[in-house]
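Reading the structure
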Amino acid sequence: RRQDQVGPRHPHHQPAAVIGQVLLDLGLQIDRVAVLIDHDLGAAEPRAVDVIVPTHNRQARLESTLRSLAGQTFGDFAVIVVDDASAPAVTAPAALSNGAPVRVLRTVRAAGAVSAGPSAARNLGLHAATAPLVAFIDDDVDAAPDWLERLVAAGREPGTAVFGPLLAPSGW
């Protein structure tokens, strides 16, 4: 992505109103949004990969996904959890057991409004990313221990822009 397309790469240094405008710029038609940052990484150096995990009302599944990320053989990554207006709000630790930092972004919707959806959550996570590579994983997926290592290796191949398997859930 080009910086001039979506704005500065460090939105956690911006007020929530600016991030809300970014959501509008991404085409989200919403009444009101506030973005709360539970774990601000401050001036931490970017990792090689930011792993974005959108979630909505699935605390137990999110915990399982985070445990699978803690078991990765590739260690130079950070996690961005985007809680899309869960009720109650999901929680995550400030760091995984392997030391990977975790930042939680939370959208808060107006009373009675529905969540913005996983695509909007992914876009918000992408805007918050600071790493040169970004990986997406849903909150109902447990990553194999070498998942990130294999993705990073594939991403370093010349000419690679977007990569990853197309997998249908079991039973489809």
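Residues numbered from 1 in each chain as written. Predicted model: local features only at pLDDT ≥ 70, side-chain atom pairs only at ≥ 80, totals over all residues. Heavy atoms only, no water.

Some details on the nonpolar core
If you look at the biggest cluster of nonpolar residues, it comprises 25 residues, and the most contacted ones within it are Val49, Val51, Leu69, Phe77, Val79, Leu96 and Trp147. Filtering out sequence-adjacent residues up to four positions away, Val79 remains in contact with Val51, Val53, Leu66, Leu69, Leu96, Pro101, Val102 and Arg103. Ile80, Leu105, Ala121 and Leu124 belong to the second-largest nonpolar core, a separate cluster that totals eight residues. (Core = buried A, V, L, I, M, F, W, Y, C linked by side-chain atoms within 4.5 Å. Buried < 20%, exposed > 50% of the residue type's maximum accessible area, 1.4 Å probe, protein only. Contact = heavy atoms within 4.5 Å.)

As for the environment of Ala95
Within the element layout of this structure, Ala95 appears in the loop between β3 (77-84) and β4 (102-108). Linking Ala95 and Val79, residues 16 residues apart in sequence, is a C-alpha distance of 8.5 Å. (Helix = DSSP H or I, 4+ residues; strand = E, 2+ residues; numbered from the N terminus.)

Here's the deal with unusual backbone geometry
Omega for the peptide link from Ala87 to Pro88 comes to 0 degrees, which places this bond in the cis form. Note on placement: Pro88 falls in the loop between β3 and β4. For Ala85, which is not glycine, the phi dihedral falls at a positive 60 degrees. Mapped onto the elements, Ala85 comes out in the loop between β3 and β4.

Some thoughts on helix α4 (residues 118-128)
For α4, the set of buried residues is Ala120, Ala121, Leu124, Gly125, His127 and Ala128. The buried residues of α4 occupy an angular sector of 160 degrees when the element is viewed end-on, so they sit on one face. (Arc of directions from axis to C-beta.)

Details of the environment of Asp146
Among the secondary structure elements, Asp146 is positioned in the loop between β5 (133-136) and α5 (147-155). For the pair formed by Asp146 and Gln72, sequence separation is 74 residues and the distance between their alpha carbons is 5.9 Å. Apart from residues lying up to four places away in sequence, Asp146 is in contact with Gln72 and Thr73.

Here we look at the pattern of salt bridges
One pass over the structure, following the stated rule, counts six salt bridges. Residue Arg58 pairs with Asp139 through a salt bridge whose shortest N-O separation is 2.6 Å. With Arg58 in the loop between β2 (49-55) and α3 (59-70) and Asp139 in the loop between β5 and α5, this pair connects stretches of sequence that are 81 residues apart. Residue Arg58 is classed as partly exposed on the basis of its relative accessible area of 36%. (Salt bridge = Lys/Arg side-chain N within 4 Å of Asp/Glu carboxyl O.)

Considering the pairing of β3
With eight of eight residues buried, β3 is to be regarded as a mostly interior element. What you see with β3 is no split at all: Phe77, Val79, Val81 and Asp83 on one side and Ala78, Ile80, Val82 and Asp84 on the other are buried throughout. Note that β2 and β3 share seven bridges and pair parallel. Its bridge partner lying in β3, Asp50 is registered against Ala78. (Pairing = 2+ DSSP bridges.)

Regarding the confidence of the model for the protein
Here the protein shows a mean pLDDT of 75. Residues at 70 or above account for 65%. Predicted confidence is poor over residues 1-19, with pLDDT under 50, and the contacts of this stretch with residues over four places away or in other chains come to 33 contacts. In the model, residues 27-36 has pLDDT below 50 throughout and makes 24 contacts with residues more than four positions away in sequence or in other chains. (pLDDT = per-residue confidence, 0-100.)

Section: α3
Between its terminal C-alpha atoms α3 stretches 16 Å, which fits the 16 Å expected from twelve residues at 1.5 Å a residue. Among all positions of α3, only Leu62, Ser64, Thr65, Leu66, Ser68, Leu69 and Ala70 are buried. As for α3, its buried residues are in contact with β2, β3 and α5. (Expected span 1.5 Å × (residues − 1).)

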